[in-house]
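# Structural overview
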Amino acid sequence: MSVAQDITSARSHFQAILAGVFLALAACAAAAAGDPKAGEIKALACQVCHGPKGVSTNPLYPILAGQHAEYLERQLRHFRDKSRIDAVMNEMTQKLTDKDIQDLASYFANAK
């Protein structure tokens, strides 16, 4: 085999591996994504402070609608593990599972 053939072969193998990695990452992202329909039901308790569909009219409570899902998930986890302190939110998030958090984040991220 010539050097050019070796390079072409190595490039083909690298591209195949890279494609596999991207497919695996896409599958993980899809599996981690929450269900906005399930989140809508779970979000009923949130409406008391954050308003219908996460659109608060009270400046004391942030608008959740349209926020990035990743941001919402991170904040809910911080409240749940008490690395972010707020008496009400720490209590509200204590019984949330990771799936609940993903569903809520997906619902509010898609809410308008």
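So, a few notes on the structure that sits alongside this text. In this text the structure is predicted, and so the values were computed from the model without any measurement.

Even without being glycine, Lys53 reaches a positive phi, approximately 60°. You can see Lys53 is positioned in the loop between α3 (47–50) and α4 (69–80). Given a relative accessible area of 46%, Lys53 falls into the partly exposed group. One non-glycine residue, Lys82, adopts positive backbone phi at about 65°. Position of Lys82 among the secondary structure elements: in the loop between α4 and α5 (87–93).

Take the state of the cysteines next. Counted by the stated rule, this structure contains 0 disulfides. The closest cysteine sulfur to the non-disulfide-bonded Cys46 is located on Cys49, 8.9 Å from its own sulfur. Look at Cys46 and you get buried, because its relative accessible area is 19%.

Another aspect to go through is the pattern of salt bridges. Here the structure, examined in full by the defined rule, presents 6 salt bridges. Residues Asp98 and Arg77 are paired through a salt bridge, measuring 3.5 Å at the closest nitrogen-oxygen approach. Linking Asp98 in helix α6 (residues 98–110) with Arg77 in helix α4, this pair joins segments that are 21 residues apart in sequence. One network of salt bridges, in which partners are shared, links Lys42, Lys99, Asp100 and Asp103.

Attention now moves to the side chain of Asp103. Here Asp103 lies in helix α6. Judged by relative accessible area, Asp103 falls into the buried class, the value being 2%.

This brings us to α6. Its 13 residues place the ends of α6 18 Å apart at the C-alpha level, agreeing with the 18 Å of an ideal helix rising 1.5 Å per residue. Restricting attention to buried positions, one finds in α6 the residues Asp100, Ile101, Gln102, Asp103, Leu104, Ala105, Ser106, Tyr107 and Phe108.

Cut-offs and rules
- Residues numbered from 1 in each chain as written.
- Predicted model: local features only at pLDDT ≥ 70, side-chain atom pairs only at ≥ 80, totals over all residues.
- Heavy atoms only, no water.
- Helix = DSSP H or I, 4+ residues; strand = E, 2+ residues; numbered from the N terminus.
- Buried < 20%, exposed > 50% of the residue type's maximum accessible area, 1.4 Å probe, protein only.
- Disulfide = S-S within 2.5 Å.
- Salt bridge = Lys/Arg side-chain N within 4 Å of Asp/Glu carboxyl O.
- Expected span 1.5 Å × (residues − 1).

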